[in-house]
Amino acid sequence: NLTAAALTGSGVLRASGGAGGTGNYLGGGGGGGRISILVSSNDSSTLDVQTDPGNSPYTGGSGVIARKGPNESGYSLTLGSLTAVPQAVTLLSGSSPTFADITIYNSIVNFDTGSTATIRGLLIRGTATVTAARLAPSALEVANGAVLQLNAQSTSGNLQIDGSGTFRQMNTAQ
């Protein structure tokens, strides 16, 4: 966790998963880490924040970056990256969580069953599978070339599919 009144400069923050086994010991890679950045007054930083899963024949789940700047009502989340494709689920837990924005890159994401995830904006880049009982983004965008498979009992909000993006609403009962 990084908490500051003001944040300036550049650098790398990394919380990546460990590598899996090799040879006769093929274990899965560790899940990406969690990084939380809370800035209360001024954020002019250009940080490179990384939470990739560990490499191996089987990669772990995506890491999560939670960032909240001055005058923002909720955290913005970034899950995954375009360079790693996880094979495990990343769980976003909490009873009816509210987020400012969520960007999902190449991830498998599950929200707690029975909760309603309220999100100002949900952006999908890469390939993502999202499972939620109720998903309530004000805006949902599937970027050019991205694929979203959504498993939700109900959704609301505006949907925008860019270029060759793909959206699949799956019928699910959780």
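Residues numbered from 1 in each chain as written. Predicted model: local features only at pLDDT ≥ 70, side-chain atom pairs only at ≥ 80, totals over all residues. Heavy atoms only, no water.

**As for the pattern of salt bridges**
Summed over the entire model, instances satisfying the criterion amount to two salt bridges. A salt bridge links Asp-43 to Arg-67; the shortest N-O distance between them is 2.9 Å. Within this pair, whereas Asp-43 is found in strand β3 (residues 34-43), its partner Arg-67 is found in strand β5 (residues 64-68), the two being separated by 24 residues in sequence. Arg-120 is paired through a salt bridge with Asp-101; the nearest N and O atoms lie 2.4 Å apart. Residue Arg-120 is found in strand β9 (residues 116-142), and its partner Asp-101 is found in strand β8 (residues 98-111); the two are separated by 19 residues along the sequence. (Salt bridge = Lys/Arg side-chain N within 4 Å of Asp/Glu carboxyl O. Helix = DSSP H or I, 4+ residues; strand = E, 2+ residues; numbered from the N terminus.)

**Describing the nonpolar core**
Grouped together as the largest cluster of nonpolar side chains are 26 residues, with contacts concentrated most on Ile-102, Ile-104, Phe-111 and Leu-135. At the level of elements, β5, β6 (76-79), β8, β9 and β10 (147-155) are the ones that each hand at least two residues to this core. If sequence neighbours within four positions are ignored, Ile-102 has contacts with Leu-77, Leu-79, Phe-111, Ile-119, Gly-121, Leu-122 and Leu-123. Leu-7, Ile-37, Val-39 and Val-49 belong to the second-largest nonpolar core, a separate cluster that totals six residues. (Core = buried A, V, L, I, M, F, W, Y, C linked by side-chain atoms within 4.5 Å. Buried < 20%, exposed > 50% of the residue type's maximum accessible area, 1.4 Å probe, protein only. Contact = heavy atoms within 4.5 Å.)

**A closer look at the environment of Ser-62**
The residue Ser-62 is located in the loop between β4 (46-50) and β5 in this model. Judged by its relative accessible area of 1%, Ser-62 is buried. C-alpha separation for the pair Ser-62 and Thr-90, spaced 28 residues apart in sequence, amounts to 5.9 Å. Excluding residues that lie within four positions of it along the chain, Ser-62 makes contacts with Gly-32, Arg-34, Thr-51, Leu-79, Gly-80, Pro-86, Thr-90, Tyr-105, Asn-106 and Ser-107. A distance of 2.6 Å separates the side chain of Ser-62 from the side chain of Ser-107, its partner in a polar contact. (Polar contact = N/O pair within 3.5 Å; in protein donor to acceptor, adjacent residues only side chain to side chain.)

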